Amino acid sequence: MTLTARSVRLALALVAALAAAACNSTDAVPPPDAPAPLAAVPNSDRQVTVTWGLSGEVATEIKIERAEASGVFAPLVTLPGITNTHVDVGLTPATAYQYRVQACNASGCSAFAGPVGVSTFATLRITTTSLSGVVVGDSLALPNAVRGQSYSAGITATGADSVYTWFVDAGSLPAGLAMTNLGIISGTPTTEQLARFTARVRSGDGQTAVREFTITVVAPVSGPALAIRTSLLPPALVNQTYQPALATTGGNGSAVSWSVVAGSLPPGVTLGTGGVFSGRTTATGTFTFTVRAANTAGQSDQKSLSVTLVADDIGRFNITRVDVSGVPTNIAPHVAAAISRWENAIRGDLAREDIPRGFFSSTGCGGFGEISNGTVVDDVIIMVNIAPIDGAGKILGQASPCAIRDDILTIVGFLTLDSDDLSRLAGTQTLTDIIFHEIGHILGIGTLWEGFDCPPQQGFSA
């Protein structure tokens, strides 16, 4: 083959062109993968840390967006591509936030990772109120202590990460008392005195809160111990006034103050230092809490109580059951079934009735009348008691009305079932029928309505 000069020049030009094309060509770099995994955790009441993982193609920048609660996302910050963490500051306490993150390079951005939700901690605060009902200046007075007698009181907080460490920041506790890092003050005081101190609490996320307290140590007193006499509280009708009063026995005659030291009162209800509840309930359910009674002599007592909130079921006849003694689990369904039969048998509704504080004495209505004082009734309250009556095989139950309306209709009644007969009757229709019969006496059959040829009866016999 003979090559001419022209053909050689063409071949060289083609080689040069191919070489130039090879030198100028590059493979396109794809966008990075979405950051994963994505997480967000609260640091405090005003900070959140967001973290993410990086994989795949190298990112040149990281973009973070934030939304409050379920709101609209907005750009928060753009960071270098090698970054995998960000601390978001200046946030609002006890607030929900959402975060999403994407990685970007010259070819574009990944899909967003997330969103991931997180809430900032609530601001740390000391929640203890004046347990003795006394404020000394700006200080809260903890319960009095008695010289030479064991003492214990607790200081509480809320918010932050719920990991609290307590210590005395200033002043001093009474001689003989000390405070643990859990906020418990205990010991046996040795000197009568008024001690003033500042308690500081620090949470795991670094927040702190302080409050000044006082403890008065008094001399020992003679006389019976102070005890809370109230054992049960009346049910509360939703959206109606609730105002029962607590009572004590014993003590040295000095003034008694009350406080709630554990648990929560029903929404809308408060307890005054005089031991009287007030307010209107706003929700159904059962609320359990511990009350404390203390007098100025240093005597005190605590008791756990519960309040059941009952719906105001307008348009139908309602019977509210209050167990004044333990009703066995195999007996309770019989009581419920008998009550349901009466509620279905009676048509219509009665007007609500207010039972004032002090309406029943401590001996009224079988000795349990006080339990219904201070509440509003729709339509009847029946107190159920399980106790011996006269031994097995005789009187099975007794019942009667305790309070009536002007139109001779019952507001409050009392039912006693003979504990000696219940075991052999449990699970039988006979027991339900007996309870149904006795509730009839509470409503007025044979007790209030003698004009209908219903002779008065007080018990149902086997």
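Higher on the page you've got the structure.
What counts, and at which threshold
Residues numbered from 1 in each chain as written. Predicted model: local features only at pLDDT ≥ 70, side-chain atom pairs only at ≥ 80, totals over all residues. Heavy atoms only, no water. Core = buried A, V, L, I, M, F, W, Y, C linked by side-chain atoms within 4.5 Å. Buried < 20%, exposed > 50% of the residue type's maximum accessible area, 1.4 Å probe, protein only. Helix = DSSP H or I, 4+ residues; strand = E, 2+ residues; numbered from the N terminus. Contact = heavy atoms within 4.5 Å. Pairing = 2+ DSSP bridges. Axes fitted to C-alpha atoms, helices over the stretch in contact; angles between N-to-C directions.

S.K.: Explain the nonpolar core here, please?
M.R.: When a protein is soluble and globular, its nonpolar side chains tend to lie buried together. Within the largest apolar cluster, 26 residues are counted, with the highest numbers of intra-cluster contacts made by Ile382, Leu415, Leu417, Ile435 and Ile439. For this core, the secondary-structure elements that each account for two or more residues are helix H2 (332-345), strand S31 (380-387), strand S32 (395-404), strand S33 (410-418), helix H3 (419-425) and helix H4 (429-443). Per-element tally for this core: the top contributor is H4, with seven residues. Those residues in contact with Ile439, other than ones at most four positions away along the chain, are Ile319, Ala338, Ile339, Trp342 and Ile382. Tyr151, Trp166, Leu173 and Ile215 belong to the second-largest nonpolar core, a separate cluster that totals 22 residues.

S.K.: What am I meant to see in the pairing of strand S6 (residues 96-105) here?
M.R.: In the case of a regular strand, side chains alternate between the two sheet surfaces. Burial runs high along S6: seven of the 10 residues are buried. Judged from the five bridges that link them, S6 and strand S8 (residues 113-119) form a sheet pairing that is antiparallel. Counted as the bridge partner of Val101 is Ala113 from S8. Pairing geometry for S6 and strand S7 (residues 108-109), over two bridges, is antiparallel.

S.K.: Got a minute to help me understand the sheet that holds strand S16 (residues 177-179) in this structure?
M.R.: Strand pairing in a sheet is mediated by backbone hydrogen bonds. Such pairs are either parallel or antiparallel. Strand order across the open sheet formed by three strands is S13-S17-S16, with antiparallel pairing between neighbours. Each edge of the sheet is formed by a strand with only one pairing partner; in this case those strands are strand S13 (151-154) and S16. Averaged over all pairs of adjacent strands, the angle between their axes in this sheet comes to 15°, without regard to strand direction. Bridging between S13 and strand S17 (residues 184-187) involves four bridges; their strand directions are antiparallel. Among the inter-strand pairings, Ser152 is bridged to a residue of S17, identified as Ser186.

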